[in-house]
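Secondary and tertiary structure notes
These are the residues of each chain, in order.
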Amino acid sequence: LDHTADVQLHAWGDSLKEAFEQCGMAMFAYMTEMEYVQIREVHTIEANADDMMGLLYHFLDELLFLFSAEPFLICKKLVITEFNTEEFRIVCKCYGEEFKIGTHPQGTEVKAITYSAMQIIDEPKDHKFEVFVIIDI
């Protein structure tokens, strides 16, 4: 993006649920190189909102919190086990390990998720499921 402190994540999948999972993985891949991350732990996060954009925001924010506070989890795999688009609720299993300098190459720190230019494309008839999110770095 034109602003040096912003990065736009663009993710897609065979379903909107998969697009959300891939967006979370894109954020983690910005923080470190995924080939250095192993699956040693699993944590569960939950996100709730009043609408779909809020749900995407809160989902990514919960993932960022998981990385930013103990156990400082860097995820190699995300599996959304509950994706309720009527009640705007996500439950996700997060597989990874504690981030450690020296073991994991340090990428760019993600400071915040934003609503700026956020888009959710949910067009089942055209098989288009995409999300766009800008993060502050």
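Summary of the structure given here.

About the criteria used
- Residues numbered from 1 in each chain as written.
- Predicted model: local features only at pLDDT ≥ 70, side-chain atom pairs only at ≥ 80, totals over all residues.
- Heavy atoms only, no water.
- Helix = DSSP H or I, 4+ residues; strand = E, 2+ residues; numbered from the N terminus.
- Rg over C-alpha atoms; globule rule 2.2 N^0.38 Å.
- Polar contact = N/O pair within 3.5 Å; in protein donor to acceptor, adjacent residues only side chain to side chain.
- Contact = heavy atoms within 4.5 Å.
- Expected span 1.5 Å × (residues − 1).
- Buried < 20%, exposed > 50% of the residue type's maximum accessible area, 1.4 Å probe, protein only.
- Pairing = 2+ DSSP bridges.
- Axes fitted to C-alpha atoms, helices over the stretch in contact; angles between N-to-C directions.

So, on to the overall build of the protein. Each helix and strand counted, the protein has two helices and seven strands in total. Going from the N terminus to the C terminus, the protein shows its helices and strands as β-α-β-α-β-β-β-β-β. Against the 2.2 N^0.38 benchmark of 14 Å for 137 residues, the protein shows a C-alpha radius of gyration of 14 Å, consistent with a compact globule. The principal-axis extent of the C-alpha atoms belonging to the protein is close to 45 × 35 × 25 Å.

In this fold, E97 is placed in strand β4 (residues 89-98). Polar side-chain contacts of E97 include one of 2.7 Å to the side chain of R40. Those residues in contact with E97, other than ones at most four positions away along the chain, are Y36, V37, Q38, R40, E41, F72, L73, I74 and H104.

Let us look at helix α1 (residues 16-31). Compared with the 22 Å implied by 1.5 Å per residue over 16 residues, the 23 Å span of α1 between its first and last C-alpha is a close match. Listed in full, the buried residues belonging to α1 are L16, A19, F20, E21, C23, G24, M25, M27, F28 and M31.

Right, let's get into the pairing of β4. Examined bridge by bridge, strand β2 (residues 41-48) and β4 share eight bridges and lie antiparallel to one another. Looking at β4, one finds that V42 is bridged to Y95. As judged from the ten bridges shared by strand β3 (residues 73-84) and β4, these two strands associate in the antiparallel manner. Among the inter-strand pairings, I74 is bridged to a residue of β4, identified as E97.

Further remarks concern the sheet that holds β4. With respect to topology, three strands assemble into an open sheet ordered β2-β4-β3, the strand pairing being antiparallel. Here the strands that pair on one side only, and so sit at the sheet edges, are β2 and β3. Going from strand to strand, the sheet's axes swing by 25° on average, the running direction of each strand aside. Along the sheet, α1 contacts β3 and β4; its crossing angle with β3, the most-contacted strand, is approximately 165°. Each of β2, β3 and β4 touches helix α2 (residues 52-68); the most contacted strand, β2, lies at about 150° to it.

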